[in-house]
Amino acid sequence: MADNTELVEKLSGLTVLEIADLVKALEEKWGVSAAAPVAAVAAPVAGGGEAAAEEKTSFDVILAETGGNKIAVIKEVRAAVAGLGLAEAKALVESAPKALKEGVTKEEAEEIKKKIEAAGAKIEIK
(Lines give C-alpha, C1' and ligand atoms only; values in the text may rest on other atoms or scores of the structure.)
Protein backbone atom coordinates (compact mmCIF):
# COMPACT_ATOMS: atom_id res chain seq x y z
CA MET A 1 0.00 0.00 0.00
CA ALA A 2 2.89 2.35 0.75
CA ASP A 3 4.17 1.76 -2.79
CA ASN A 4 0.84 2.95 -4.21
CA THR A 5 0.97 6.15 -2.15
CA GLU A 6 4.52 6.81 -3.31
CA LEU A 7 3.50 6.20 -6.93
CA VAL A 8 0.54 8.59 -6.63
CA GLU A 9 2.85 11.27 -5.21
CA LYS A 10 5.31 10.87 -8.09
CA LEU A 11 2.54 11.01 -10.71
CA SER A 12 1.07 14.12 -9.09
CA GLY A 13 4.32 15.96 -9.77
CA LEU A 14 4.20 15.33 -13.55
CA THR A 15 3.20 17.92 -16.12
CA VAL A 16 0.36 17.36 -18.59
CA LEU A 17 2.81 16.60 -21.40
CA GLU A 18 4.75 14.15 -19.24
CA ILE A 19 1.51 12.34 -18.35
CA ALA A 20 0.50 12.20 -22.02
CA ASP A 21 3.90 10.70 -22.89
CA LEU A 22 3.52 8.20 -20.04
CA VAL A 23 0.08 7.13 -21.31
CA LYS A 24 1.47 6.63 -24.83
CA ALA A 25 4.39 4.60 -23.50
CA LEU A 26 2.07 2.38 -21.45
CA GLU A 27 -0.25 1.91 -24.41
CA GLU A 28 2.69 0.80 -26.57
CA LYS A 29 4.16 -1.42 -23.83
CA TRP A 30 0.90 -3.20 -23.05
CA GLY A 31 -0.58 -3.09 -26.56
CA VAL A 32 -3.76 -1.30 -25.45
CA SER A 33 -5.45 2.00 -26.16
CA ALA A 34 -6.96 4.32 -23.56
CA ALA A 35 -9.69 5.26 -26.08
CA ALA A 36 -10.70 1.66 -26.88
CA PRO A 37 -13.31 1.21 -24.09
CA VAL A 38 -15.10 4.39 -25.14
CA ALA A 39 -15.21 3.27 -28.79
CA ALA A 40 -16.47 -0.18 -27.83
CA VAL A 41 -19.36 1.30 -25.87
CA ALA A 42 -20.22 3.91 -28.52
CA ALA A 43 -20.22 1.52 -31.50
CA PRO A 44 -23.32 -0.53 -30.55
CA VAL A 45 -25.27 2.63 -29.72
CA ALA A 46 -24.46 4.23 -33.08
CA GLY A 47 -25.83 1.26 -34.99
CA GLY A 48 -23.38 1.04 -37.90
CA GLY A 49 -20.23 2.35 -39.53
CA GLU A 50 -21.76 5.24 -41.47
CA ALA A 51 -24.06 6.25 -38.63
CA ALA A 52 -21.15 6.23 -36.20
CA ALA A 53 -19.22 8.69 -38.34
CA GLU A 54 -22.19 11.05 -38.50
CA GLU A 55 -22.89 10.92 -34.76
CA LYS A 56 -19.35 11.41 -33.51
CA THR A 57 -19.36 13.24 -30.17
CA SER A 58 -15.68 13.18 -29.25
CA PHE A 59 -13.06 15.05 -31.26
CA ASP A 60 -9.29 15.48 -31.21
CA VAL A 61 -7.69 18.88 -31.88
CA ILE A 62 -4.41 18.46 -33.77
CA LEU A 63 -1.84 21.23 -34.28
CA ALA A 64 -0.86 20.50 -37.90
CA GLU A 65 1.44 23.47 -38.61
CA THR A 66 2.79 26.27 -36.47
CA GLY A 67 2.68 29.04 -39.06
CA GLY A 68 4.76 32.20 -39.07
CA ASN A 69 3.79 33.73 -35.71
CA LYS A 70 5.03 31.07 -33.29
CA ILE A 71 4.84 33.32 -30.20
CA ALA A 72 1.13 34.04 -30.71
CA VAL A 73 0.47 30.35 -31.31
CA ILE A 74 2.29 29.41 -28.09
CA LYS A 75 0.14 31.90 -26.15
CA GLU A 76 -3.07 30.46 -27.60
CA VAL A 77 -1.94 26.87 -26.97
CA ARG A 78 -1.26 27.76 -23.32
CA ALA A 79 -4.76 29.25 -23.07
CA ALA A 80 -6.38 26.21 -24.72
CA VAL A 81 -4.54 23.46 -22.83
CA ALA A 82 -4.85 23.80 -19.07
CA GLY A 83 -1.74 23.27 -17.00
CA LEU A 84 0.89 24.04 -19.63
CA GLY A 85 3.81 26.21 -18.71
CA LEU A 86 5.62 28.38 -21.22
CA ALA A 87 8.38 25.83 -21.91
CA GLU A 88 5.87 22.99 -22.28
CA ALA A 89 3.68 24.99 -24.67
CA LYS A 90 6.75 25.96 -26.71
CA ALA A 91 7.86 22.31 -26.91
CA LEU A 92 4.36 21.25 -27.94
CA VAL A 93 4.18 23.89 -30.69
CA GLU A 94 7.64 23.04 -31.99
CA SER A 95 6.78 19.33 -32.19
CA ALA A 96 3.85 19.89 -34.60
CA PRO A 97 1.99 17.93 -35.87
CA LYS A 98 0.83 17.09 -32.35
CA ALA A 99 -2.46 16.52 -30.55
CA LEU A 100 -3.42 19.50 -28.39
CA LYS A 101 -6.60 18.10 -26.86
CA GLU A 102 -8.30 14.76 -27.21
CA GLY A 103 -11.88 13.73 -26.54
CA VAL A 104 -13.44 17.19 -26.55
CA THR A 105 -16.87 18.24 -27.76
CA LYS A 106 -17.33 19.59 -31.27
CA GLU A 107 -18.08 23.07 -29.91
CA GLU A 108 -14.92 23.15 -27.81
CA ALA A 109 -12.83 21.80 -30.71
CA GLU A 110 -14.19 24.48 -33.06
CA GLU A 111 -13.52 27.22 -30.49
CA ILE A 112 -9.92 26.08 -29.99
CA LYS A 113 -9.44 25.83 -33.77
CA LYS A 114 -10.79 29.34 -34.30
CA LYS A 115 -8.52 30.92 -31.67
CA ILE A 116 -5.32 29.11 -32.64
CA GLU A 117 -5.85 29.59 -36.38
CA ALA A 118 -6.36 33.30 -35.71
CA ALA A 119 -2.84 33.27 -34.24
CA GLY A 120 -1.51 31.82 -37.50
CA ALA A 121 -1.35 28.05 -36.99
CA LYS A 122 -3.12 25.30 -38.91
CA ILE A 123 -5.46 23.05 -36.88
CA GLU A 124 -7.12 19.78 -37.81
CA ILE A 125 -10.10 18.30 -36.01
CA LYS A 126 -10.44 14.52 -36.13
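Small disclaimer: the values here were computed from a predicted structure and weren't measured. (Residues numbered from 1 in each chain as written. Predicted model: local features only at pLDDT ≥ 70, side-chain atom pairs only at ≥ 80, totals over all residues. Heavy atoms only, no water.)

The helix and strand inventory of the protein stands at seven helices and three strands. With 126 residues in all, the protein has 20% of them scored as buried. For the protein, the share of sequence-separated contacts (at least 6 apart) that also reach a separation of at least 24 residues comes to 66%. A total of about 8500 Å² of accessible surface is found on the protein, and carbon and sulfur atoms cover 58% of it. (Helix = DSSP H or I, 4+ residues; strand = E, 2+ residues; numbered from the N terminus. Buried < 20%, exposed > 50% of the residue type's maximum accessible area, 1.4 Å probe, protein only. Contact = heavy atoms within 4.5 Å. Areas by Shrake-Rupley, 256 points an atom, 1.4 Å probe, with all protein chains shown as cover.)

With that settled, the discussion passes to helix 2 (residues 16-30). The first and last C-alpha atoms of helix 2 sit 21 Å apart over 15 residues, in line with the 21 Å expected at 1.5 Å per residue. Glycine 31 sits one or two residues past helix 2 and shows a positive phi near 70°. (Expected span 1.5 Å × (residues − 1).)

Below, the discussion takes up the side chain of glutamate 88. Turning to its location among the elements, glutamate 88 is positioned in helix 6 (residues 86-94). Salt bridges are absent for the buried glutamate 88, whose nearest opposite-charge side chain, arginine 78, sits at 7.3 Å. At a separation of 2.6 Å, a polar atom in the side chain of glutamate 88 contacts the main-chain amide nitrogen of glycine 85. Once residues lying within four places of it in the same chain are set aside, the contact partners of glutamate 88 are Thr15, Leu17 and Gly83. (Lys, Arg positive; Asp, Glu negative; His and termini not counted. Salt bridge = Lys/Arg side-chain N within 4 Å of Asp/Glu carboxyl O. Polar contact = N/O pair within 3.5 Å; in protein donor to acceptor, adjacent residues only side chain to side chain.)

Spatially, three strands are ordered 2-1-3 in an open sheet, and the strand pairing comes out antiparallel. In this open sheet, the two edge strands, each paired with only one partner strand, are strand 2 (98-104) and strand 3 (122-125). Averaged over all adjacent pairs, the angle separating strand axes in this sheet is 20°, with direction ignored. (Pairing = 2+ DSSP bridges. Axes fitted to C-alpha atoms, helices over the stretch in contact; angles between N-to-C directions.)

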